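# Results of the structural survey
Here are the chains, one letter per residue:
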Amino acid sequence: MIFIDRDEELKYLEGRILQFPLPEEESSRLRKVLVLIGPKGVGKTALLKELTKRGIERTRFAYVELRGPYESTADILIDLLVQYSQNLKEEIWKEGFERILKALGIKILGKEVIETLTAPDNIELLQRSRPTLILRQLEEEACKICGKGNTRLVIIYDEFQSFLKAAPASDRFDVFLDSFVAYFSK
């Protein structure tokens, strides 16, 4: 993919992110949310990927693409957890991620994360879990780690429409969808 003629938009996004205070500058841990909306095919994903590739001083990025289609809340959660795992490659991040999974009762014992999460017992566990709570715990763990290094954390959730189109036929998914959208809008 070639990135051309989007420098103005890229500088605008960089400037907005640099306006987010560093952890030591904050009096409280309020989440800052920046939403990028536009018609399909205008280059939002290319812009976001270029932003993460170039980087911003004292800022860490986690890029999560909601790939869908999803047939259950466990599918969504597995996709999110695998992508967090892929994004959090440094050992200190990995330890925090594994702490969250261990708190759920999932132990990664030398296996790939996807292999561990898709084991039948763990799928059953994930189906009974509260996905937005797990997501919040993952973000809080990442924020703690960034706070120690006085670094901003920017988590990019791309292809959100894949998530919204996923509506598996269950009452629980509707509740999950409502809580997930409310979580992001807070």
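That block above? That's the structure.
As the structure is a prediction and not an experimental result, all values here were calculated from the model. (Residues numbered from 1 in each chain as written. Predicted model: local features only at pLDDT ≥ 70, side-chain atom pairs only at ≥ 80, totals over all residues. Heavy atoms only, no water.)

### A word on helix α2 (residues 44–54)
When α2 is considered as a whole, its buried residues turn out to be Leu47, Leu48, Glu50 and Leu51. In an axial view of α2, the angular spread of the buried residues amounts to 160°, which keeps them on one side of the axis. Looking at the buried side of α2, the elements it contacts are α1 (7–19), β1 (59–65) and β2 (152–158). (Buried < 20%, exposed > 50% of the residue type's maximum accessible area, 1.4 Å probe, protein only. Helix = DSSP H or I, 4+ residues; strand = E, 2+ residues; numbered from the N terminus. Arc of directions from axis to C-beta. Contact = heavy atoms within 4.5 Å.)

### Section: the nonpolar core
With 22 residues, the main nonpolar core has Leu81, Tyr84, Phe97, Leu117, Leu126 and Leu138 as its most contacted residues. Among the secondary structure elements, those contributing two or more residues to this core are α3 (73–87), α4 (91–104), α5 (113–117) and α7 (131–148). For this core, the element with the highest residue contribution is α3, accounting for 8 residues. Setting aside its immediate chain neighbours within four residues, Leu81 contacts Phe97, Leu101, Leu117, Leu126, Ile134 and Leu138. Formed by 12 residues, the second largest nonpolar core is a distinct cluster that contains Leu10, Leu47, Leu48 and Val154. (Core = buried A, V, L, I, M, F, W, Y, C linked by side-chain atoms within 4.5 Å.)

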